[in-house]
Amino acid sequence: MKTNARTVALATLMKVINQGSYSNISLNHALKAAKLPGEESRLATNLVYGTIQYQLYLEYQLKDLVKARLREPYIKPLLLMSAYQIFFLDKVPNRAVLDEANKLAKAYGRPKSSGYRLVNGILHSLLRRGEVLPEKDAPDYLSVKCSMPLWLSDYFVANWGKSRAEKIMASFNSKAKNEIRISALADEKRVVRDLDRAHFAPQESPLASRSYALSRGGIVMTDFFKDGEVTVQDEAASLVAEAFDFKGNEQALDACSAPGGKTIQIAEQLPDGQVTALDIHEKKLRLVKENAARMRVADRVKVKALDARKAREYFSGQEFDKILIDAPCSGLGLLRRKPEIRYTKTAEDISHLAEIQLDILNEVSGLLKKGGELVYSTCSISVEENEENVRKFLAAHPDFALKPFETAKISAPKGMLKILPDSYNSDGFFIAKFTTRG
């Protein structure tokens, strides 16, 4: 078949569903290779992310209709992608969905395979029967409706109540915004004006300063990005560095740096200072250096391959004025951008990651100067990785206290801030700010 939106989407879904590949990485590689026109590229993106977001829901729709083992690797992803179009893409006629599914089945099927007849029969049955859901009072109703594993659906309900949990899960299934941050070294008004002239229609974020949502993708192919005037960064993530009170001459540490978005944001605030970026993986630090060079702050950034849990074996003592611990986490705040996380993470993962995060906090906090500032953040909304870790850290470190902070657009009078994904249609994020007592 000729390369088009559906061939790209199916090939990507096969990698994600069958091989456990990351959706964003696989799709970006596929789109770069295919060089589809804008409308086709947007359709491929919609098909991939929509199918993965609603995979559990779609499997529920198909499970009673699939009577045989799906032996060929393309069949399940193709059925899911086709079902997604039937239930969620009103502008695509059902006859077109079936026709394209048949073409794809014949193109991807083995010689003399009857897989296309199986696909055709199942999709016709799906169209005749329509949507099915559990009873509204059934334990798995919200799980199926919102396409969220039962344990995770129950977790959201337990922590935020049924009504708010449903809003949070629905938000995770909405389209992610094309969010950018304008460099502090660039003229914000001019860049916004030029972005508008380039038909990106930037809309200012209500959450973070210098953050804008664009009406379309493709910013990384422009001179705005290549020249370091803008970078791709969610508005909630952009808020983390704003929690610091910079003077401009500090020594800062980003303990879990790669790929370096927040490192660079810190460096922009240090014309007479420096930020040291750590990451456990040497190859990931190359991304930090590349991004620092693109954003014109390479002279303010130095990197070191080091496990943050061993930081005091390398550094001499309390030598940093500012420390950021953007800790490795479950990513439960990123389910809109990385929808497969919902199917791969477990409650045990959250507990294990919370232990690692606390180990990093305990270790790295010893490098903070008296009166310095330490910001702890995660792109998760779980209680264990956030509020519970803060409680445990403060109990073990009476010389530390939470410090209220205020950014240009939001305040955290108690020193902690949790951004839930339905509040601003952003990523979910948690930020806590500490300082030493006395």
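What counts as what
- Residues numbered from 1 in each chain as written.
- Predicted model: local features only at pLDDT ≥ 70, side-chain atom pairs only at ≥ 80, totals over all residues.
- Heavy atoms only, no water.
- Domains from an automatic or database assignment.
- Buried area = accessible area lost by both parts, 1.4 Å probe.
- Helix = DSSP H or I, 4+ residues; strand = E, 2+ residues; numbered from the N terminus.
- Nonpolar A, V, L, I, M, F, W, Y, C, P; charged D, E, K, R; others polar.
- Phe/Tyr/Trp six-rings, centres within 6.5 Å; stacked < 30°, edge-to-face > 60°.
- Buried < 20%, exposed > 50% of the residue type's maximum accessible area, 1.4 Å probe, protein only.
- Lys NZ or Arg CZ within 6 Å of the ring centre and 35° of its normal.
- Pairing = 2+ DSSP bridges.
- Arc of directions from axis to C-beta.
- Contact = heavy atoms within 4.5 Å.
- UniProt positions renumbered as here; feature names shortened; annotations may be inferred.
- Core = buried A, V, L, I, M, F, W, Y, C linked by side-chain atoms within 4.5 Å.
- Axes fitted to C-alpha atoms, helices over the stretch in contact; angles between N-to-C directions.
- Parallel < 35°, antiparallel > 145°, perpendicular 65-115°, else oblique.
- Left-handed = near helix turned anticlockwise from the far one by under 90°.

Asks: Give me the domain arrangement of the protein chain: which residues, what numbers.
Replies: Along its sequence, the protein chain is carved into domain 1 (5–129), domain 2 (140–173), domain 3 (178–232) and domain 4 (239–436). Of note, the centres of domain 1 and domain 4, computed from C-alpha atoms alone, are 38 Å apart. Summed over both sides, the interface of domain 1 with domain 4 buries roughly 660 Å², with 54% coming from carbon and sulfur. Looking at the side of domain 1 that touches domain 4, the elements that each hand over two or more residues are α2 (23–34), α3 (38–53) and α4 (55–62). Counting residues per element, the side of domain 1 that touches domain 4 draws most heavily on α3, which supplies 3 residues. Broken down by class, the residue content of the side of domain 1 that touches domain 4 amounts to 6 nonpolar, 5 polar and no charged.

Asks: Could you give an account of the packing of aromatic side chains, naming the residues involved and the relevant values?
Replies: Under the defined criterion, the tally for this structure stands at 15 aromatic pairs. Taking 4.0 Å as the distance between ring centres and 25° as the angle between the ring planes, the aromatic pair formed by Tyr54 and Phe88 counts as stacked. In this pair, Tyr54 is assigned in the loop between α3 and α4 and Phe88 in helix α5 (residues 75–88), connecting sequence segments 34 residues apart. In this structure Tyr54 comes out as buried when scored by relative accessible area, which is 15%. Overall, the relative accessible area of 30% leaves Phe88 in the partly exposed class. Ring geometry for Phe393 versus Phe434: centroids 5.0 Å apart, planes at 70°, classification edge-to-face. Here the residue Phe393 occupies a position in helix α18 (residues 387–396), and Phe434 occupies one in strand β14 (residues 429–436), the gap between them amounting to 41 residues. Connected via pairs of aromatic rings, a cluster forms that spans Tyr54, Tyr57, Tyr84, Phe87 and Phe88. The ring centre of Tyr116 lies 4.9 Å from the NZ or CZ of Lys106, which sits over that ring.

Asks: I'd like to hear about the sheet that holds strand β1 (residues 178–182), residue by residue, with values.
Replies: Strand order in the open sheet made by the 4 strands is β2-β3-β1-β4, with antiparallel pairing throughout. Every interior strand has two partners, whereas the edge strands, β2 (203–204) and β4 (230–232), have only one.

Asks: Any chance you could break down α18 for me, citing the residues and the numbers?
Replies: In an α-helix, one full turn covers 3.6 residues, which means residues spaced three or four apart are oriented alike. Within the sequence span of α18, burial applies to Asn389, Val390 and Phe393. Angular distribution of buried residues about the axis of α18 spans 100°; they occupy a single face of the element. Among the structural elements, α17 (347–364), β9 (368–378), β10 (400–402), β13 (416–419) and β14 are those in contact with the buried residues of α18.

Asks: How would you summarise the UniProt feature "binding site: S-adenosyl-L-methionine" (unreviewed entry) in the protein chain if you had to cite specific residues and measurements?
Replies: UniProt records the feature "binding site: S-adenosyl-L-methionine" (unreviewed entry) at Cys256, Ser257, Ala258, Pro259, Gly260, Gly261, Lys262, Asp279, Asp307 and Asp326, using the numbering of this structure. Here Ala258 lies in the loop between β5 (251–254) and α13 (261–267). In this structure Ala258 comes out as partly exposed when scored by relative accessible area, which is 23%. With residues near it in sequence (within four places) discarded, Ala258 still touches Leu278, Asp279, Lys284 and Val288. Take Gly260: it is sitting in the loop between β5 and α13.

Asks: Outline the nonpolar core, supporting the account with residue identities and numerical values.
Replies: Leu58, Leu78, Met81, Val119, Leu123 and Leu126 are the most contacted members of the largest nonpolar core, which totals 45 residues. Among the secondary structure elements, those contributing two or more residues to this core are α1 (5–19), α2, α3, α4, α5, α6 (94–108) and α7 (115–129). Looking at this core, the element that brings in the most residues is α5, giving 9 residues. Ignoring anything within four residues of it in the chain, the contact list for Leu78 reads Leu10, Ala101, Leu104, Ala105 and Val119. Grouped together as the second largest cluster of nonpolar side chains are 34 residues, Ala236, Leu239, Ile266 and Ile419 included.

Asks: Can you lay out unusual backbone geometry for me, pointing to particular residues and giving the numbers?
Replies: Trans is the prevailing form of peptide bonds, just as negative phi is the prevailing case for residues other than glycine. With an omega of 5°, the peptide bond between Ala258 and Pro259 qualifies as cis. Backbone geometry places Ala201, a non-glycine residue, at a positive phi of 45°. Here Ala201 is to be found in the loop between α10 (188–197) and β2. Assessed through its relative accessible area of 29%, Ala201 is described here as partly exposed. In this structure, Asn425 is a non-glycine residue whose phi angle is positive, near 55°. With respect to the secondary-structure elements, Asn425 resides in the loop between α19 (421–424) and β14. A relative accessible area of 41% means that Asn425 is categorised as partly exposed.

Asks: Can you explain the packing of α1 against α2? Please cite residues and give values.
Replies: When two helices pack together, their arrangement is given by the angle between the helix axes and the distance between those axes. In the contact formed by α1 and α2, the axes pass within 9 Å of each other and the chain directions differ by 150°. One way to sum up the angle between α1 and α2 is to call them roughly antiparallel. Crossing hand, α1 versus α2: right-handed. Together, Val8, Thr12, Lys15 and Val16 of α1 and Ser23, Ser26, Leu27, Ala30, Leu31 and Ala34 of α2 make up the contact between the two elements. Residue classes in the contact of α1 with α2 are distributed as 6 nonpolar, 3 polar and 1 charged.

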